[in-house]
Amino acid sequence: MKNWILVRKAADYEYLSKELNIDPVAVRIMVNRGITELEDMKRFLDTDISDCFSYEGLPNIKEAVLKIKEAADKKLKCRIVGDYDADGVCSVTILYKGLSLYGLDCDFVIPNRLLDGYGINENIVRKAKDDGIGFIITCDNGISARDAIDLADELGIVTVVTDHHTITESEVPTKVKELVNPKMSINEYPFSDICGAQVALKVLSALFKERHGFDNIKYELLEFAAIACVTDVMPLCGENRNLVKWVLNRLNNAANPGLNKLCEKCEIANKSYAINVSDIGFRIGPCINAAGRMESGRMAVDLLISTDITEANHIAKQINDHNNERKSIDRAITQQAIEIVRNHPQFNSLNSTVVYNPEWHKGVVGIVASRLVEAFYRPTIVLTKSSNG
């Protein structure tokens, strides 16, 4: 059962309301969120996105930028290795567009959720070597892939890691120092709760610091970073809040043609109501994620890098169809799982939920687990048989 607790904190609500020219209820909401000073409230109500392009203080970012510049100067073939979720897809798109603009010969790899698992691995590295790749840059992964990243170094592949996940020291690569991650202990960037796409964008901001051209695409790339911020469930405070608030006014006519077509298929483009965060979190995000769950995250990147309206429309339809299929499978498996739990002879005394069916789709078991938590309010594990062994 959910318990609602009404928070009451003391503050001069009448004074703050007059100073900010807003309703006292809005002031109370900010105070309850821990925003108690007038200047902090003003910043909260503002929409300054300049921080979204800042990067000073991020660990190893100068070293990473130097490696990228050297790779460009040496004309090394570049491979971007991302992840299959929406943050990974948006991160890859950001780096692909930005590094290509800088002059690198780029391609990208999105690991297959069912076959490869999460992030870069040794097979991906060996394949890169076979393909003549001289430079690998990761996004939204890599900080815990010590074996794969160290192997790349041993094979002579220049490597840069951009990531945002929490650090486990025993898994951090040891042979590559260009690790850009705000969760590292040496981080001096003032806001560490950013997603992988935001880290990727900041790397590009640093890369283009003394070079023209970035202004032509940076707001298009910022749209991807905002979508990733929401779908990766980053806290909507600080620069994240300003970023997401900014993008909501753009999704009726996004700068990117693929994103525009996806918004059409999600039925949020050209609507009379104001687009909100839920539209990103429950419409756009699940569609992008569905590509990786049902087929390949590469399809979603292909959509976002496409410049052909007809092609973008075709891919957006495919992705939306995958999402509808995902929802159908999700509903069916959830119903089966609920029946298994309810039919358990000790249902009323269970403290946790563990269910298994070898036929369930691996791409949706995480979603099903969240549905069971909502249904029973218990720690939950949903298991299936892996298709690769």
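1. Quick look at the overall build of the chain
- What the chain contains, in helices and strands, is 15 helices and 7 strands.
- For 389 residues, the compact-globule estimate of 2.2 N^0.38 gives 21 Å, and the chain sits close to it at 22 Å.
- In terms of principal-axis extent, the alpha carbons of the chain reach across some 60 × 60 × 45 Å.
- Taken over 389 residues, the chain has a buried fraction of 51%.
- For the chain, restricting intrachain contacts to residue pairs at least 6 apart in sequence, the fraction spanning at least 24 positions comes to 69%.

2. A few points about the environment of N240
- The residue N240 is located in helix 10 (residues 238-248) in this model.
- Taking the C-alpha atoms as reference points, N240 and I194, 46 residues apart in sequence, are found 7.2 Å from one another.

3. Description of the packing of aromatic side chains
- Tallied over the entire structure, the rule returns 6 aromatic pairs.
- Centre to centre, the rings of F347 and F376 are 5.7 Å apart; their planes meet at 75 degrees, and the pair counts as edge-to-face. On the criterion of sequence distance, the pair formed by F347 in the loop between helix 14 (309-342) and strand 6 (353-356) and F376 in helix 15 (residues 365-376) is long-range, its members being 29 residues apart. We note that F347, like F376, is buried.
- Connected via pairs of aromatic rings, a cluster forms that spans F53, Y219 and W246.

4. Observations concerning helix 2 (residues 24-32)
- Among all positions of helix 2, only V27, M30 and V31 are buried. Down the axis, helix 2 shows its buried residues gathered within 100 degrees of arc, on one side only.
- In the core, the buried residues of helix 2 are packed alongside helix 1 (13-20) and helix 3 (38-45).
- Two or three places before V25, at the start of helix 2, stands the capping residue D23, its side-chain oxygen 2.7 Å from that residue's backbone nitrogen.
- In the stretch just after helix 2, G34 is the one whose phi turns positive, near 95 degrees.

5. Re helix 12 (residues 277-294)
- With 18 residues, helix 12 should cover 26 Å at 1.5 Å per step; its first-to-last C-alpha distance of 24 Å lies within 8% of that length.
- Maximal helix bending in helix 12 amounts to about 35 degrees, located at P286.
- Within helix 12, 13 of the 18 residues are buried, leaving the element largely enclosed by the surrounding structure.
- You can read the cap of helix 12 off the contacts: a side-chain oxygen lies 3.0 Å from the backbone nitrogen of S278, and it is on N276.

6. Quick notes on the packing of helix 1 against helix 3
- Contact geometry of helix 1 with helix 3 gives a least axis separation of 11 Å together with a crossing angle of 45 degrees. The angle between the axes of helix 1 and helix 3 places the two elements in the oblique class. Handedness of the helix 1/helix 3 crossing: right-handed. Contact residues: Y15, L16, E19 and L20 in helix 1; L38, M41, K42 and L45 in helix 3.

7. Points about the state of the cysteines
- For the structure on display, the rule yields 0 disulfides.
- Here C52 is not disulfide-linked; the sulfur of C229 is the nearest cysteine sulfur, at 8.5 Å.
- With no disulfide of its own, C263 lies closest to C266 among cysteine sulfurs, the gap being 6.5 Å.
- The exposure class of C263 is buried, given its relative accessible area of 0%.

8. Some words on the environment of R8
- Residue position: R8 is located in the segment before helix 1.
- A sequence separation of 40 residues divides R8 from D48, and the C-alpha atoms of the two residues are 29 Å apart.

9. As for the side chain of T93
- Tracing the chain through its elements places T93 in helix 5 (residues 86-102).
- The buried category is assigned to T93, whose relative accessible area is 0%.
- Residues in contact with T93, not counting those within four places in the same chain, are F224, V301, L304 and I305.

10. A few points about the nonpolar core
- Core analysis: the largest hydrophobic core is formed by 85 residues, its most contacted members being I80, L99, L104 and I284.
- When residues of this core are assigned to their parent elements, the largest contribution, 9 residues, is made by helix 9 (residues 218-231).
- The residues contacting I80, other than those within four sequence positions of it, are V92, L95, Y96, L99, C106, D107, F108, V109, I137 and C139.

Rules and cut-offs
Residues numbered from 1 in each chain as written. Predicted model: local features only at pLDDT ≥ 70, side-chain atom pairs only at ≥ 80, totals over all residues. Heavy atoms only, no water. Helix = DSSP H or I, 4+ residues; strand = E, 2+ residues; numbered from the N terminus. Rg over C-alpha atoms; globule rule 2.2 N^0.38 Å. Buried < 20%, exposed > 50% of the residue type's maximum accessible area, 1.4 Å probe, protein only. Contact = heavy atoms within 4.5 Å. Phe/Tyr/Trp six-rings, centres within 6.5 Å; stacked < 30°, edge-to-face > 60°. Arc of directions from axis to C-beta. Polar contact = N/O pair within 3.5 Å; in protein donor to acceptor, adjacent residues only side chain to side chain. Expected span 1.5 Å × (residues − 1). Bend = angle between axes of the 7 residues up to and from the residue. Axes fitted to C-alpha atoms, helices over the stretch in contact; angles between N-to-C directions. Parallel < 35°, antiparallel > 145°, perpendicular 65-115°, else oblique. Left-handed = near helix turned anticlockwise from the far one by under 90°. Disulfide = S-S within 2.5 Å. Core = buried A, V, L, I, M, F, W, Y, C linked by side-chain atoms within 4.5 Å.

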